[in-house]
Amino acid sequence: MSELSSGWSREFDEPIAPPDGGKLVVLRDAANYITALPAKEAALPEWQAAIEALILAVELGGPTMFARIGVMRALNRGHVREFIPAEGS
């Protein structure tokens, strides 16, 4: 595995767009995003799970999809999906 496709330089299958703008393209981007959060927010269980998934992807070569899911869950932790039935149903 080359230096660019291993470790913190591994790319997500699809970039993550945080609500404050920008893009998280590689694992390092997500790690930098999380470490820039206020300490109280970064200590939330959702962010801790995202950090763990990032570390597993980097250290054990785990799937970047799991790390992406962890970051997405943390970013969307307060969002409640609302079901809106289609017209005529």
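The rules behind each value
- Residues numbered from 1 in each chain as written.
- Predicted model: local features only at pLDDT ≥ 70, side-chain atom pairs only at ≥ 80, totals over all residues.
- Heavy atoms only, no water.
- Helix = DSSP H or I, 4+ residues; strand = E, 2+ residues; numbered from the N terminus.
- Buried < 20%, exposed > 50% of the residue type's maximum accessible area, 1.4 Å probe, protein only.
- Areas by Shrake-Rupley, 256 points an atom, 1.4 Å probe, with all protein chains shown as cover.
- Lys, Arg positive; Asp, Glu negative; His and termini not counted.
- Charge placed at Lys NZ, Arg CZ, Asp CG, Glu CD.
- Axes fitted to C-alpha atoms, helices over the stretch in contact; angles between N-to-C directions.
- Parallel < 35°, antiparallel > 145°, perpendicular 65-115°, else oblique.
- Left-handed = near helix turned anticlockwise from the far one by under 90°.
- Contact = heavy atoms within 4.5 Å.
- Nonpolar A, V, L, I, M, F, W, Y, C, P; charged D, E, K, R; others polar.
- Patch = residues over 30% accessible without salt bridge, like charges linked within 9 Å, V, L, I, M, F, W, Y side chains within 5 Å.
- Salt bridge = Lys/Arg side-chain N within 4 Å of Asp/Glu carboxyl O.

1. Re the overall build of the chain
And then number 1: Assigned secondary structure in the chain consists of four helices and two strands.
And then number 2: Listing the helices and strands of the chain from first to last along the sequence gives β-β-α-α-α-α.
And then number 3: Its C-alpha atoms put the chain at 55 × 30 × 25 Å along the principal axes.
And then number 4: Classification of the 89 residues of the chain by burial places 31% in the buried group.
And then number 5: In the form shown here, the chain has an accessible surface area of approximately 6,300 Å², with 57% of it arising from carbon and sulfur atoms.
And then number 6: For the chain, the distance from the average position of its 8 positive side-chain charges to the average position of its 12 negative side-chain charges is 2 Å.

2. A short note on the packing of helix H1 (residues 27-35) against helix H3 (residues 45-60)
And then number 1: Where H1 contacts H3, the axes come no closer than 11 Å and their chain directions differ by 150°. It follows that H1 is roughly antiparallel to H3 by the angle criterion. With respect to the hand of their crossing, H1 and H3 are arranged in left-handed fashion. Here Leu27, Ala30, Ala31, Tyr33 and Ile34 of H1 lie close against H3, whose contacting residues are Trp47, Ala50, Ile51, Leu54, Ala57 and Val58.
And then number 2: Residue classes in the contact of H1 with H3 are distributed as 11 nonpolar, no polar and no charged.

3. Points about a nonpolar patch on the surface
And then number 1: Together, Met65, Phe66 and Ile69 make up an exposed nonpolar region whose accessible area comes to about 290 Å².
And then number 2: On the basis of relative accessible area, isoleucine 69 is assigned to the partly exposed category, the value being 40%.

4. With respect to the pattern of salt bridges
Two side chains that carry opposite charge are able to pair once their charged atoms sit near each other.
And then number 1: Under the definition given, this model contains two salt bridges.
And then number 2: Here arginine 68 ties to glutamate 14 by a salt bridge, and the two come within 3.9 Å at their closest N and O atoms. Highlighted residues: arginine 68 in helix H4 (residues 64-75) and glutamate 14 in strand S1 (residues 11-16), separated in sequence by 54 residues.
And then number 3: The salt bridge involving glutamate 41 is made with arginine 77; its shortest N-O contact spans 3.0 Å. With glutamate 41 in helix H2 (residues 39-42) and arginine 77 in the segment after H4, this pair connects stretches of sequence that are 36 residues apart.
And then number 4: Note on glutamate 41: relative accessible area 25%, which makes it partly exposed.
And then number 5: Here arginine 77 falls in the partly exposed class, since its relative accessible area comes to 35%.

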